[in-house]
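What the coordinates show
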Amino acid sequence: MTKDSYTELFVQPDSIARRIWGDAEVVLLVFAGAAAEFALNRAVDWLFVTGALPADPIGRFFSTVTYSQEIVFAEQAQAEKTLGKINAIHGGVERKRGEPIPEWAYRDVLYMLIDYSERAFQMLHRPLMAEEQEELYNVFWRVGIAMHIPELPEDYKSWQQDRQRHLEQDLTFSPYTEKLYAAYRRDLGFWRYALLRQVQSLLVPEIVHKLLDLPRLQWLRPAVLLYPMLRGFKLHSLTQRALIPPQHFEAVQRLNSPLSMQNSTHHAP
């Protein structure tokens, strides 16, 4: 395959965004962190308009991942089509809600995906290099532009500052927080729910940690340090089976599929 065959992709094949979003374990961590911060957002009531998220939070997670991977691993035209579909879904929610979702709430969601992409990759692999941070931000900046999200910072450094402002202004513990965590606990069961809170305690910014009163005794940290060994001995799939409810295990396996499919999916014109 020649270099020219990739010119119509939304994200280039060697992008760190593809490395992150094609790794099932990293993606699971991204949404473990986002699940914590989602629950604290001051505009989280919009997630309850349709009732889909509190009714099936894990199922909605996999639906969101599917949309994300359809963008990251798609050709430009298909990615734009998927982004248009997401805009239409949000428009339907706004009509049902009777008022627009605040622009800052859209930015919060985008910022979460950027931040937890980096945090999750660092937890399981290594810190991102400066050029990878810029590249990751650029990918999501283009997503934000396609979704008509205004006032997005121009570069990674400016985004870091705005991200901190959003964390300080837009989060609060509310009755919706309790409802979402009750849904997590219901669907995960006692010990998987306890494990989720452990994972979140290792991932989230300090302000999120405090608002959710996440555990300070992080007994999961040694297991994270052993993660490369688990992968080396092909034991990570056994770990997934232990941690993910059985009805969702096939969906977890599909998280890795974009990386294995991309060479057969994209051809030169």
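Summarised in this report is the structure supplied together with it. Here the structure is a predicted model, which means the values were calculated and not measured.

1. A closer look at the nonpolar core
Counting residues in hydrophobic clusters, the biggest one holds 80 residues, and the most contacted among them are Trp-21, Val-30, Phe-31, Leu-110, Tyr-184 and Val-208. Looking at this core element by element, the count peaks at 13 residues for helix H2 (residues 24–40). If near-sequence neighbours (up to four positions away) are discounted, Val-208 is found in contact with Ala-36, Glu-37, Leu-40, Tyr-116, Leu-167 and Leu-171.

2. Looking at the packing of aromatic side chains
In total, this model carries ten aromatic pairs according to the counting rule given. Aromatic side chains Tyr-137 and Trp-159 sit 6.1 Å apart centroid to centroid with 35° between the ring planes, which places their arrangement in the tilted category. With Tyr-137 in helix H7 (residues 130–146) and Trp-159 in helix H8 (residues 156–170), this pair connects stretches of sequence that are 22 residues apart. According to the relative accessible area criterion, Trp-159 is buried, its value standing at 2%. Between Tyr-181 and Tyr-184 the ring centres are 5.0 Å apart and the planes differ by 65°, which places this aromatic pair in the edge-to-face class. Here Tyr-181 pairs with Tyr-184, and both are found in helix H9 (residues 175–188), just three residues apart, close to one helical turn. Tyr-184 gets classed as buried once you look at its relative accessible area, which sits at 9%. Three or more aromatic residues joined by ring pairs form one cluster here, namely Trp-21, Phe-31, Phe-61, Phe-62 and Phe-140. Cation over ring: Arg-142 sits above Phe-10, and NZ or CZ is 4.3 Å from the ring centre. Taking the ring centre of Tyr-193 as reference, the NZ or CZ of Arg-185 above it sits at 5.2 Å.

3. A short note on empty space enclosed by the protein
Applying the stated rule across the entire model yields one cavity of 30 Å³ or more. Space inside the largest cavity adds up to approximately 50 Å³. Lining the largest cavity are Phe-38, Asn-41, Ala-43, Val-44, Trp-46, Leu-47, Ala-105, Asp-108, Val-109 and Met-112. Tallying contributions element by element places helix H6 (residues 103–124) first for the lining of the largest cavity, with four residues. Split by residue class, the lining of the largest cavity holds eight nonpolar, one polar and one charged.

4. Description of the side chain of Ser-15
Take Ser-15: it is sitting in the segment before helix H1 (16–21). Given the relative accessible area of 3%, Ser-15 is considered buried. In this structure, Ser-15 is in contact with Glu-135 and Val-139, ignoring residues within four places of it in sequence.

5. Here we look at unusual backbone geometry
Of note, the phi angle at Glu-151 is positive, near 60°, even though the residue is not glycine. Despite not being glycine, Asp-213 shows a phi value in the positive range, around 50°. Relative to the elements of secondary structure, Asp-213 occurs in the loop between helix H11 (206–212) and helix H12 (221–225). What makes Asp-213 exposed here is its relative accessible area of 60%.

6. Describing the packing of H2 against H9
At a minimum axis distance of 7 Å, the contact between H2 and H9 shows a crossing angle of 150°. Here H2 contributes Ala-35, Ala-36, Ala-39 and Leu-40 to the contact with H9, which in turn contributes Tyr-176, Thr-177, Leu-180, Tyr-181 and Tyr-184.

7. Structural notes on the pattern of salt bridges
Summed over all chains, the structure comprises eight salt bridges. With its nearest N and O atoms 2.7 Å apart, the salt bridge here joins Arg-163 to Glu-37. One end of the pair, Arg-163, is in helix H8; the other, Glu-37, is in helix H2, with 126 residues separating them in the sequence. Arg-97 is the salt-bridge partner of Asp-45, the closest N and O atoms lying 3.0 Å from each other. Taken together, the residues span a long stretch of sequence, with Asp-45 in the loop between H2 and helix H3 (52–55) and Arg-97 in helix H5 (residues 76–97) at a distance of 52 residues.

Calculation criteria
Residues numbered from 1 in each chain as written. Predicted model: local features only at pLDDT ≥ 70, side-chain atom pairs only at ≥ 80, totals over all residues. Heavy atoms only, no water. Core = buried A, V, L, I, M, F, W, Y, C linked by side-chain atoms within 4.5 Å. Buried < 20%, exposed > 50% of the residue type's maximum accessible area, 1.4 Å probe, protein only. Helix = DSSP H or I, 4+ residues; strand = E, 2+ residues; numbered from the N terminus. Contact = heavy atoms within 4.5 Å. Phe/Tyr/Trp six-rings, centres within 6.5 Å; stacked < 30°, edge-to-face > 60°. Lys NZ or Arg CZ within 6 Å of the ring centre and 35° of its normal. 1 Å grid on protein atoms, 1.4 Å probe; cavity = no way out; pocket = protein on both sides within 12 Å on 5 of 7 lines; lining within 4 Å. Points joined across faces, edges and corners; volume = space filled by probe spheres on them. Nonpolar A, V, L, I, M, F, W, Y, C, P; charged D, E, K, R; others polar. Axes fitted to C-alpha atoms, helices over the stretch in contact; angles between N-to-C directions. Salt bridge = Lys/Arg side-chain N within 4 Å of Asp/Glu carboxyl O.

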